[in-house]
Amino acid sequence: MHFFKPSDLSEALSNLGITNNDTILIHSDLSTLGLMEGKLNHKEYLQAILKLVLGKISEGTLMVPTFSYAYARHKTPFHYETSPSELDIFSEFVRLQKSSFRSLHPLFSFSAIGEKKNFLCNNLSKSAFGYNTPFHRLCEAGGKIVFLGANPGSAMTFIHHIEQLVGVSYFYHKAFLTPVYQNKKLIEGPFFAFVRHLGKVEYQHAPFREELENAQLLKKQKLGMGYIYCCEAKNVLDLGASLINKDP
């Protein structure tokens, strides 16, 4: 097993241009990085990662995706306070922090800690993507997207926000009527998401990652067994919209 030092993570974030007042969205896959030095148990490891990240953006804001795919796939009712993140363990760890604030969307929710957590995650549209969503607010805040071990070629959920804004033919707006609860009260729906037509559509993010790299908009730093990547949300939006307009 490969180990990395806490200082390695701090240095990598600095080299990616992360500063103390940044607003960042982190997609994570810690399994690709290896372990941090020291005899840390599961919770201590996650706490160390979170402490290092928050220390790097001490006056900024961290946001993570806390998606609940079971809501759409299995029609499992969404409970705002308890429905877990079905993504990497780091996102669920962030969601469970007392200082964390979660957005209200049963399929594509986010949890945030820091100065702009309410701006990012409160009083939002019932749509997952588009205007007045966490993706839109991230751009408004001049935010950055960080891939902590995750692959930008598969984890770039932000691309769906771009697709809705541009209006692509291979996605459609779907209304979800499965119950949503907050404080044990039923929340009036429906909620919406821009989702892909199933069947004949071949879909992958990898070419967009290559375009970001070719345009030198995706920075990269080695960490442990894997990498950390960073890009500015507004740059991703502008390039993505331009590419889709040229070739949907």
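Our structure is the block above this text.
About the thresholds
Residues numbered from 1 in each chain as written. Predicted model: local features only at pLDDT ≥ 70, side-chain atom pairs only at ≥ 80, totals over all residues. Heavy atoms only, no water. Helix = DSSP H or I, 4+ residues; strand = E, 2+ residues; numbered from the N terminus. Buried < 20%, exposed > 50% of the residue type's maximum accessible area, 1.4 Å probe, protein only. Contact = heavy atoms within 4.5 Å. Areas by Shrake-Rupley, 256 points an atom, 1.4 Å probe, with all protein chains shown as cover. Lys, Arg positive; Asp, Glu negative; His and termini not counted. Charge placed at Lys NZ, Arg CZ, Asp CG, Glu CD. Axes fitted to C-alpha atoms, helices over the stretch in contact; angles between N-to-C directions. Parallel < 35°, antiparallel > 145°, perpendicular 65-115°, else oblique. Left-handed = near helix turned anticlockwise from the far one by under 90°. Nonpolar A, V, L, I, M, F, W, Y, C, P; charged D, E, K, R; others polar. Pairing = 2+ DSSP bridges. Phe/Tyr/Trp six-rings, centres within 6.5 Å; stacked < 30°, edge-to-face > 60°. Lys NZ or Arg CZ within 6 Å of the ring centre and 35° of its normal. Polar contact = N/O pair within 3.5 Å; in protein donor to acceptor, adjacent residues only side chain to side chain.

## Some thoughts on the overall build of the chain
Argument step 1. Scanning the chain from terminus to terminus reveals 10 helices and 14 strands.
Argument step 2. Its C-alpha atoms give the chain principal-axis dimensions of about 45 × 45 × 35 Å.
Argument step 3. Considering the chain as a whole, with its 248 residues, one finds that 49% of them fall into the buried category.
Argument step 4. Summarising the internal contacts of the chain: among those between residues at least 6 apart in sequence, 68% fall at separations of at least 24.
Argument step 5. By element, 50% of the accessible surface of the chain is carried by carbon and sulfur atoms, the whole surface being about 12,300 Å².
Argument step 6. Mean positive and mean negative side-chain charge positions of the chain (26 and 22 charges, respectively) differ by 6 Å.

## Topic: the packing of helix 9 (residues 206–214) against helix 10 (residues 233–246)
Argument step 1. Two elements in contact, helix 9 and helix 10, have axes separated by 11 Å at closest approach and are oriented at 120°. Classified by the interaxial angle, the pair formed by helix 9 and helix 10 is oblique. Like other packed secondary-structure pairs, helix 9 and helix 10 cross with a definite hand, here right-handed. Residue-level contacts link Phe208, Glu211 and Leu212 of helix 9 to Val236, Leu239, Gly240 and Leu243 of helix 10.
Argument step 2. For the contact of helix 9 with helix 10, a count of residues per class yields five nonpolar, one polar and one charged.

## Some details on the sheet that holds strand 5 (residues 78–79)
Argument step 1. Read across the sheet, three strands follow the order 5-10-11 without closing on themselves; strand pairing throughout is mixed. The open sheet has two edge strands, strand 5 and strand 11 (185–186), and neither has a second partner.
Argument step 2. Sheet analysis places strand 10 (residues 180–182) next to strand 11, joined by two bridges and oriented antiparallel. Across the sheet, the residue bridging to Gln182 is Lys185, located in strand 11.

## Quick look at unusual backbone geometry
Argument step 1. The omega torsion of the bond from Gly189 to Pro190 falls at 0°, within 30 degrees of zero and hence cis.
Argument step 2. By secondary structure assignment, the location of Pro190 is in the loop between strand 11 and strand 12 (191–196).
Argument step 3. Here Asn132, not a glycine, exhibits a phi torsion of approximately 65°, which is positive.
Argument step 4. Backbone geometry places Asn183, a non-glycine residue, at a positive phi of 50°.

## Quick look at the packing of aromatic side chains
Argument step 1. Summed over the entire model, instances satisfying the criterion amount to 12 aromatic pairs.
Argument step 2. For the pair Phe171 and Phe194, a centre-to-centre distance of 5.4 Å together with 50° between the ring planes defines the contact as tilted. Taken as a pair, Phe171 in strand 9 (residues 171–176) and Phe194 in strand 12 lie far apart in primary sequence, 23 residues in all.
Argument step 3. Judged by relative accessible area, Phe194 falls into the buried class, the value being 5%.
Argument step 4. Through a chain of ring-to-ring contacts, the aromatic side chains of Phe67, Tyr69, Phe108, Phe110, Phe129, Phe135 and Phe158 assemble into a single cluster.
Argument step 5. Of note, Lys126 hangs over the ring of Phe191, and the distance from its end group to the ring centre comes to 5.4 Å.
Argument step 6. A cation over a ring is seen here: Lys222 above Tyr227, with NZ or CZ 4.7 Å from the ring centre.

## Quick word on the side chain of Ser109
Argument step 1. Here Ser109 shows up in the loop between strand 6 (101–102) and strand 7 (110–114).
Argument step 2. Here the side chain of Ser109 touches Thr66 through a polar contact of 2.7 Å, landing on its backbone oxygen.
Argument step 3. A distance of 3.1 Å separates the side chain of Ser109 from the side chain of Arg102, its partner in a polar contact.
Argument step 4. Setting aside residues no more than four positions away along its own chain, Ser109 makes contact with Pro65, Thr66, Phe67, Arg102 and Ser103.

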